[in-house]
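So the chains spell out like this:
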Amino acid sequence: MREILTIVMFSVLSFSVLSQNNDYYDLKVIVKELRNNTGIVQFSLYNEKGSIPDEKFEKLYKSGKVKIKNKTAEFTFRVLKGGTYAVNILHDENSNGVIDKGWVLPVEGVGFSNYKSIGLTNRPNFEKASFLLNKDKEIEVKVIYM
């Protein structure tokens, strides 16, 4: 009986230790230098090749929205499985959940991980915006106003 109890206890402890190392991480995304404190910042997380661009936010994996404080916003995606991800942000000044455009270009701020500028020769795509998440990570995404 004692041997069975020892085996059961060892099994429970082993499973507990293994389940703590399950390759899940947190990703904190920070956006600074917003042009005002109006509206919200929408954070969209992508995990599939070809999912960016996504103007209607139909291909995203997870998302979150936060209020702006001192022209800064941050959001943490929690318990993400290790892998390849990309981030898109929208400074949604009128809080309507869409990218408002002028004639062609957005009139609200947008941004993508790994992008400092956007243009005809530097259009957003998942491959360029993506990064490997294999530990808890903090990234800063630059907001771009056209």
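Computed from a predicted structure; not experimentally measured.

Definitions and limits used
Residues numbered from 1 in each chain as written. Predicted model: local features only at pLDDT ≥ 70, side-chain atom pairs only at ≥ 80, totals over all residues. Heavy atoms only, no water. Helix = DSSP H or I, 4+ residues; strand = E, 2+ residues; numbered from the N terminus. Polar contact = N/O pair within 3.5 Å; in protein donor to acceptor, adjacent residues only side chain to side chain. Contact = heavy atoms within 4.5 Å. Core = buried A, V, L, I, M, F, W, Y, C linked by side-chain atoms within 4.5 Å. Buried < 20%, exposed > 50% of the residue type's maximum accessible area, 1.4 Å probe, protein only. Pairing = 2+ DSSP bridges. Axes fitted to C-alpha atoms, helices over the stretch in contact; angles between N-to-C directions. Salt bridge = Lys/Arg side-chain N within 4 Å of Asp/Glu carboxyl O.

Chemist: Give a description of the side chain of Ser 113 that names residues and reports values.
Modeler: Mapped onto the elements of the fold, Ser 113 is located in the loop between strand 6 (109-112) and helix 2 (126-129). Only 2.9 Å separates the side chain of Ser 113 from the backbone nitrogen of Val 87, close enough to count as a polar contact. With sequence-adjacent residues up to four places away left out, Ser 113 is seen in contact with Ala 86, Val 87, Lys 128, Ala 129, Phe 131, Ile 139 and Val 141.

Chemist: An account of the nonpolar core is needed here, citing residue identities and associated values.
Modeler: Leu 27, Val 29, Val 31, Val 41, Phe 43, Val 87 and Ile 89 are the most contacted members of the largest nonpolar core, which totals 21 residues. For this core, the secondary structure elements donating two or more residues are strand 1 (24-31), strand 2 (40-46), strand 4 (73-81), strand 5 (83-92) and strand 7 (131-133). A per-element tally of this core places strand 1 first, with four residues. When near neighbours in sequence (up to four residues on either side) are disregarded, Val 29 contacts Phe 43, Ala 73, Glu 74, Phe 75, Phe 77, Val 87, Ile 139 and Val 141. Formed by 11 residues, the second largest nonpolar core is a distinct cluster that contains Ile 52, Leu 90, Tyr 115 and Phe 126.

Chemist: Tell me about the sheet that holds strand 1, and please be specific about residues and values.
Modeler: A sheet is described by the order of its strands in space; here three strands give the open sequence 4-1-8, paired in mixed fashion. Of all strands in the sheet, those with a lone pairing partner are strand 4 and strand 8 (137-140), marking the two edges. On average, adjacent strands in this sheet sit at an angle of 20° to one another, irrespective of strand direction. Across seven bridges, strand 1 lies against strand 4 in antiparallel orientation. Across the sheet, residue Tyr 25 finds its bridge partner in strand 4, namely Leu 80.

Chemist: Break down the pattern of salt bridges for me, citing the residues and quoting the values.
Modeler: Enumeration according to the criterion identifies five salt bridges in this entry. Arg 78 is the salt-bridge partner of Asp 26, the closest N and O atoms lying 3.1 Å from each other. Of this pair, Asp 26 sits in strand 1 while Arg 78 sits in strand 4, and the two are 52 residues apart along the sequence. The class for Asp 26 is partly exposed, based on a relative accessible area of 23%.

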